[in-house]
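Results of the structural survey
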Amino acid sequence: MKKTSTLLLSVILIASLISWSLTEKPGPKEIPEIRNIVLMIGDGMGLGAVSSAITVSHHPLNIERCNIIGLQKTFSSDHYITDSGAAGTALATGNKTNNGAIGVDSQGKSVKSILEIAKENGLATGLVTTSAITDATPASFIAHESSRNSYEDIAKDFLKTDVDVFIGGGYDHFAFRTDKLYLIDSLKVRGYKVETTMNAVLKSTSLKLAGLIAPVNSPSRLNGRGDMLPASSRKAIEILNKNPKGFFLMIEGGEIDLAAHAKDETALMEETLDFDDAVGEVLNFAQNDGHTLVVITADHETGGVAIIGGSIKAHKVLLNFPTNSHTAVMVPVFAYGPGAEKFSGIYDNTALFQKFLASYGFGEIK
Ligand code: MG
Ligand code: ZN
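Okay, so let's go over this structure. (Residues numbered from 1 in each chain as written. Chains lettered and ligands numbered in written order. Predicted model: local features only at pLDDT ≥ 70, side-chain atom pairs only at ≥ 80, totals over all residues. Heavy atoms only, no water.)

1. Thoughts on the overall build of the protein chain
If you tally the helices and strands in the protein chain, you get 14 helices and 14 strands. Counting across all 366 residues of the protein chain, residues that qualify as buried make up 55%. Counting contacts in the protein chain only where the partners sit at least 6 residues apart, residues at least 24 apart contribute 72% of the total. On the protein chain, roughly 15,900 Å² of surface is accessible, and the fraction owed to carbon and sulfur atoms is 56%. (Helix = DSSP H or I, 4+ residues; strand = E, 2+ residues; numbered from the N terminus. Buried < 20%, exposed > 50% of the residue type's maximum accessible area, 1.4 Å probe, protein only. Contact = heavy atoms within 4.5 Å. Areas by Shrake-Rupley, 256 points an atom, 1.4 Å probe, with all protein chains shown as cover.)

Written out as structure tokens, the structure is:
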């Protein structure tokens, strides 16, 4: 009898030891299905620009590697035809707002961006653009101002959220200000390595990097910007990927819009193909990583780009621009990687923010 109970006790003891060893000791940390999100915005890049770029290119575009496609409606809260401020704010915060507003709702109340929420959750964050970093699109992810033209106030907002890496133009809005503040020093105090040339940006090993490589906007690719956008995209990913929790990165091809405003067919193709080169860098990383969702879209269409002639064989298009301004046509969304399927369908521009939250598992924000 005694022998039996001792045996029973030993069995129980061994069983509980086994179960403890199974439950209490965690194995290697599991990587969430979606750890990183890269949102790529071709400013003003409608289907006309994309179709033209596909035709003039001698190889398939990187964008064509995405097999999940959606369409988003771009209207703002006060205009059928949006500007980049309201559209950027919708993408960044999930709120429709008035044209010209940045990171505030239609009542002027500050609203949190996906970048700020990612930061609060311990992720690394970054912004890369060919425009000034203070321009409407990147500003929508970090600033809260009633006017997109308050560039100096927007620059000041960069001292409120520690975005780990930002690369773009806009040096003058930090350095040559009407209030005489020299925000370059303020950035350094906050731990940023501030670099003003592409060479220095690409050599930097700092985990906090402010690349302010042009006074305002960078020049066009044809006029000396070279491969700044794809190279900066690669650099930003290299730095942000050091955070084991993951990252959020927004990359903008900001001058597709400018080319379409100018009705400049050559520049429109150059800028769209340059953006696509950056898409290639990001997709290559995502393909190897396996835990990165890539979403490529536009904030709105510019120029009403119509293809009225051309030849696939000759890689030529003949374009017509019925307007030198923005249009209300829906813009495409291309998605790649885990969770990409969430982005198929037709939805409002505000829906992308909710899809990003759900992808990270942050839950819904009202
Ligand atoms: Mg822009
Ligand atoms: Zn525009």
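2. Re the pattern of salt bridges
Overall, the coordinates contain 18 salt bridges when judged by the stated rule. Of the charged contacts in the structure, one is a salt bridge between Lys208 and Asp162, with a shortest N-O distance of 3.4 Å. Taken together, the positions of Lys208 in the loop between helix 9 (198–203) and strand 6 (209–212) and Asp162 in the loop between helix 6 (151–157) and strand 4 (165–169) put the pair 46 residues apart, joining distant regions of the chain. Residue class for Lys208 comes out buried when judged on its relative accessible area of 17%. The class of Asp162 is partly exposed, set by a relative accessible area of 22%. A salt bridge links Arg221 to Glu270, with the shortest nitrogen-to-oxygen separation between them at 2.9 Å. Of this pair, Arg221 sits in helix 10 (residues 221–225) while Glu270 sits in helix 13 (residues 265–289), and the two are 49 residues apart along the sequence. What makes Arg221 partly exposed here is its relative accessible area of 21%. Residues participating in the shared-partner salt-bridge network are Arg221, Arg225, Glu255, Glu270, Glu271, Asp274 and Asp277. (Salt bridge = Lys/Arg side-chain N within 4 Å of Asp/Glu carboxyl O.)

3. Some words on the packing of helix 3 (residues 84–93) against helix 14 (residues 351–360)
Contact geometry for helix 3 and helix 14: axes closest at 6 Å, N-to-C directions at 25°. Comparing the axis directions of helix 3 and helix 14 gives the class roughly parallel. Two packed elements cross with a definite hand, and for helix 3 against helix 14 that hand is right-handed. Contact residues: helix 3 offers Ala90, Leu91, Ala92 and Thr93, while helix 14 offers Leu352, Phe353 and Phe356. (Axes fitted to C-alpha atoms, helices over the stretch in contact; angles between N-to-C directions. Parallel < 35°, antiparallel > 145°, perpendicular 65-115°, else oblique. Left-handed = near helix turned anticlockwise from the far one by under 90°.)

4. Re the coordination of the zinc ion (ligand 2)
Protein coordination of the zinc ion (ligand 2) is provided by Asp257 (OD), Asp257 (OD), His261 (NE2) and His326 (NE2), with donor distances spanning 2.1 to 2.3 Å. One can describe the site at the zinc ion (ligand 2) as irregular: its four donor atoms subtend angles covering 57 to 151° at the metal. Sequence spacing among the residues donating to the zinc ion (ligand 2) works out to D-x3-H-x64-H. Residue Asp257 and its partner His261 are located together in helix 12 (residues 256–261), separated by four residues, close to a single helical turn. Looking at Asp257, the relative accessible area reads 7%, which means it is buried. (Donors = N, O, S within 2.8 Å, 3.2 Å for Na, K, Ca; no water. Tetrahedral: all angles 85-135°; square planar, octahedral: opposite > 155°, others 65-115°.)

5. Points about the sheet that holds strand 3 (residues 124–132)
An order of 5-6-4-3-7-1-8-13-2-14 is seen for the ten strands of this open sheet, with the pairing classed as mixed. Each edge of the sheet is formed by a strand with only one pairing partner; in this case those strands are strand 5 (193–195) and strand 14 (345–348). Taking the axes of each pair of neighbouring strands and ignoring which way they run, one obtains an average angle of 15° across the sheet. Two elements, strand 2 (residues 68–73) and strand 14, share four bridges in a ladder whose sense is parallel. In the sheet register, Gln72 faces strand 14, and the bridge partner there is Tyr347. Strands strand 1 (36–42), strand 3, strand 7 (247–253), strand 8 (292–298) and strand 13 (331–336) of the sheet are contacted by helix 13, whose axis makes an angle of about 165° with strand 1. (Pairing = 2+ DSSP bridges.)

6. Considering the environment of Asp227
Along the chain, Asp227 falls in the loop between helix 10 and helix 11 (228–240). A relative accessible area of 49% means that Asp227 is categorised as partly exposed.

7. What to know about the packing of helix 11 against helix 13
Close contact between helix 11 and helix 13 brings their axes to 8 Å; oriented N to C, the two are set at 25°. Relative to helix 13, the element helix 11 lies roughly parallel. For the element pair helix 11 and helix 13, the recorded crossing hand is right-handed. Residues Leu229, Pro230, Ser233, Arg234 and Ile237 of helix 11 form the contact with helix 13, whose own contacting residues are Asp274, Phe275, Asp277, Ala278, Glu281, Val282 and Phe285. Among the residues forming the contact of helix 11 with helix 13, the class breakdown is seven nonpolar, one polar and four charged. (Nonpolar A, V, L, I, M, F, W, Y, C, P; charged D, E, K, R; others polar.)

On their own, these measurements won't tell you what the molecule is for.
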